[in-house]
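Structural overview for review
Spelled out from the first residue to the last, the chains are:
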Amino acid sequence: MPKLKLFHFINNSKLKSPRTSASKPHHESICLEDNWIASTRFLRYLQLFDKIFSHSPDLMDKCKDWNFSAEVIEVFGTRSKHSDSKRTLTRLLQVGDSKGRNRHIIVASLMLMLLYESADGCWAVVERVRERVFRCESAQKQAYVLVVQHGAHVYEFPSEVNKENISSKKLKGAFQHIPHLISEDAAAEGVPACQNQTPASQLIALESSASKKASYEKALAKVHFMVEDYLDSHKENAFKSAFQEPARYYFHLCGNNHHRDHVNVHGLNGFLCLVRGWFGCQLPIIPMVDDEDTFKGCADIWSGLSENAWAVFCDPMNFGKDFEGIKELKPSMLTSREHGHYHAGHAFIGRNAGDMERSARKKDPKYLQYADKFAFFFTKDFLVKRMFEVLNAEGKPEYVGFKGACSELYALFKHIYGLSEDTLLEYLYDEYIMNIDIDKAAFFLWWCGICNESHVNVAKFSCAAGMPKSEGSKSDNSSDNICPICFEEKDNIQLIPHWEAKGDVSGHRMCADCTKQYTKNECPFCNEVSIKESLLEVIKALIQDVKSKSAGGDPNDLAAVLESWQFFEMEYGHNPKVIYRVGALILQDKEFKNLLEDGVNTRAAWMRDAAGIFFRLYSLSVEGNLDVMPDEKILLQKCFDTIKESISSVESQGHYCGALYSQAMVPYICALQSGQSTAHLEVIVREVGELIVRYYKKNRRTWPQLKRDVPERIVSEYMDIVTVNVWGGKD
């Protein structure tokens, strides 16, 4: 059995910490796109260091050398003029990320600060590290995060360049190994490259003017950068208001000052893991999952506080505040001291923070109210107005230019959707520019790739899209020959076909030239599937693939069937309804059904070798996403059972076992990447994995080569992702 190919364009960083539909609370209230939930600037900074070291292996070698590291610390002490710099940074280097790892990233961060930070800035970093690095592991990890974030930040946005002021010859030579991965334009504008595909970026790609295209791209990247910065702060404030400060207040009322003062040292690890397990949400603070002191500050505190306490903490006026600064809090809000004694947290968390994460991933009911409270701060009504107005106020230096970037994008937005308002603020606010229309703001943010489509009435706004009028046009009919994409007069403008049109789509049109450039199989105005015929060709090809290759029985050919599906799901992962429709049409095909029935009746081996596509269809069926008949659901169940039974016939061929596990992992990872439900796919991965383990234990003495053969057909990168998300880690 062949080893499945690894597709490098899968975003592994996202997959390792997913937010899947199965990871959402029952009310589905978080209005952000998945990538904003599952990432933070710190994770992006770690990826930046990976790029730096991959471009310069010599730099990594130097940063791992203890003598070189000691010299960096010595020079940093001289520059910062901090009296305790050497002792503090030496200790940081010893503990690394609190586990003695990633020391080379610390050294590289210090080098970047030496190169790009002021002397006062270096002093401030040492002072903040000193407050943490001589304490427990959790505080040491915070020191590590602090240094890495600061080093990467000054690399992206240098305040000054100090290379000539550094006397150490060894360091001067090492600075030459630091690659310049941030373009001068991006650094000058304060904008990293925009990585995410959005409705706006799809239209920008069609812009015929190179200068306009570049301007739009820069504006969108700037908005994304500022939103990333805002959301890092918003996540931390939401964490404080939902968990940290209520916990500190609860222990304060219980008289447990020890736990109160350790909530932001140990207890936060548990709450961070709860959020990551339930939502796949990453915060700028990285939890220490094996912290066995998590109970010191983490317990079932919301079962000991009244609803009145929550009403105070969720008040927008108190968002992110320390409890000491909230005057509305009253001692009478304590309803039970049961969870406030020293060891009370053990029943709530288990052994450590990692146990909380595993339980939260399984949606343990005792964590539901905590998930609901955290999610409240990411609902459309709470988040959208606050985020837009904070950014638009440009109160932080990082937010300067938000208005201009939005104004730049609004010009395109206005033309595409036929709006009459001249400015974005006129579009979003009432006539007095006092009250924002949250639905309109969410629509604009969806178009920019920030809000999730499920929380925006795209059809309501996009069906109002008309043809933009050319300047000086005298009648509405004159706009019929203006393409709403390129804004040029053409005689070959056609209505974009829609699989299932919603509302009036008469304005959703495109000229032939734009159609050639636009490669997406969906309407750029409303994101509805636009070309049903091409999808039908995909279905026919896939069915024919299964039919012809099952007859040949070549495992290599059959594995390629799953690769075809993998490509298809990657293309339409952002639009799951396409996957559901195609899956149903495949299963309803008479030839395909006959093929499956024959495979089940004959216990055909080819079903095992093409198992991945059956696993995917079966999971969609179980979760109710396929519009199929009961007998078709039963047929998929029989296929699944047949595939499991086939393991017993492989005898000494461990490669088949490894390949089958990979076949189970691929559909799981495809769904995981696109934020779809993975609930039943996790069940399938577990069932297949446990089946293979039982088979191995039963036959390892008879066929000792199984230990070697099984892993040879497992894609290690997929294995790492599944081990973390399905099995809860290597433990």
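Residues numbered from 1 in each chain as written. Predicted model: local features only at pLDDT ≥ 70, side-chain atom pairs only at ≥ 80, totals over all residues. Heavy atoms only, no water.

**Overview of the environment of V125**
Residue placement: V125 occurs in helix α8 (residues 119–133). Between the alpha carbons of V125 and H150 there is a distance of 8.1 Å; along the sequence they are 25 residues apart. Each residue touching V125, except ones within four places of it in the same chain, is listed here: M113, L146, V147 and H150. (Helix = DSSP H or I, 4+ residues; strand = E, 2+ residues; numbered from the N terminus. Contact = heavy atoms within 4.5 Å.)

**What to know about the nonpolar core**
F374 and W447 are the most contacted members of the largest nonpolar core, which has 115 residues in total. Sorting elements by how many residues they give to this core places helix α13 (residues 210–254) first, with 19 residues. In this structure, I586, W606, M665 and V688 belong to the second largest nonpolar core, which totals 58 residues. (Core = buried A, V, L, I, M, F, W, Y, C linked by side-chain atoms within 4.5 Å. Buried < 20%, exposed > 50% of the residue type's maximum accessible area, 1.4 Å probe, protein only.)

**Digging into the packing of aromatic side chains**
We describe a pair of aromatic rings using the distance from one ring centre to the other and the angle between the two ring planes. In this structure the tally under the stated criterion is 39 aromatic pairs. Aromatic pair F243 and F271: ring centres 5.2 Å apart, planes at 5 degrees, arrangement stacked. Of the two residues, F243 sits in helix α13 while F271 sits in helix α15 (residues 263–279), which places them 28 residues apart along the sequence. Taken individually, F243 and F271 each receive the classification buried, so the pair is uniform in this respect. Their ring planes at 70 degrees and their centres at 5.7 Å tell us that F413 and Y427 sit as a pair that is edge-to-face. Note that F413 is positioned in helix α21 (residues 402–416) and Y427 in helix α22 (residues 424–428), a separation of 14 residues in sequence. Assessed through its relative accessible area of 0%, F413 is described here as buried. Linked through ring pairs, F239, F243, F271, F279, F348, Y367, Y370, F374 and F378 together constitute an aromatic cluster. Its guanidinium or amino end placed over the ring of F134, R87 lies 4.0 Å from that ring's centre, counting from NZ or CZ. (Phe/Tyr/Trp six-rings, centres within 6.5 Å; stacked < 30°, edge-to-face > 60°. Lys NZ or Arg CZ within 6 Å of the ring centre and 35° of its normal.)

**Some remarks on unusual backbone geometry**
One non-glycine residue with positive phi stands out, namely K81, at about 60 degrees. For K81, a relative accessible area of 70% corresponds to the exposed category. One non-glycine residue, K363, adopts positive backbone phi at about 60 degrees. Along the polypeptide, K363 turns up in the loop between α18 (353–361) and α19 (368–376).

**Observations regarding the packing of helix α31 (residues 611–622) against helix α34 (residues 679–699)**
At a closest axis distance of 9 Å, the pairing of α31 and α34 adopts a crossing angle of 130 degrees. As the angle between them shows, α31 and α34 are arranged oblique. By crossing handedness, the relation of α31 to α34 is classed as right-handed. Of the residues in α34, those touching α31 at F615, R616, Y618, S619 and V622 are H680, L681, I684 and V688. Class assignment for the residues of the contact of α31 with α34 results in six nonpolar, two polar and one charged. (Axes fitted to C-alpha atoms, helices over the stretch in contact; angles between N-to-C directions. Parallel < 35°, antiparallel > 145°, perpendicular 65-115°, else oblique. Left-handed = near helix turned anticlockwise from the far one by under 90°. Nonpolar A, V, L, I, M, F, W, Y, C, P; charged D, E, K, R; others polar.)

**Considering the confidence of the model for the protein chain**
Averaged over all residues, the pLDDT of the protein chain is 81; the fraction at 70 or higher stands at 81%. No element of the protein chain has a lower mean pLDDT than helix α1 (residues 12–15), at 39, and none a higher one than helix α16 (residues 307–313), at 96. Residue range residues 5–27 is modelled with pLDDT below 50. Its contacts to residues more than four positions away, or to other chains, number 75 contacts. A low-confidence stretch, residues 465–478 stays under pLDDT 50, and its non-local contacts, those more than four residues away or across chains, total 24 contacts. (pLDDT = per-residue confidence, 0-100.)

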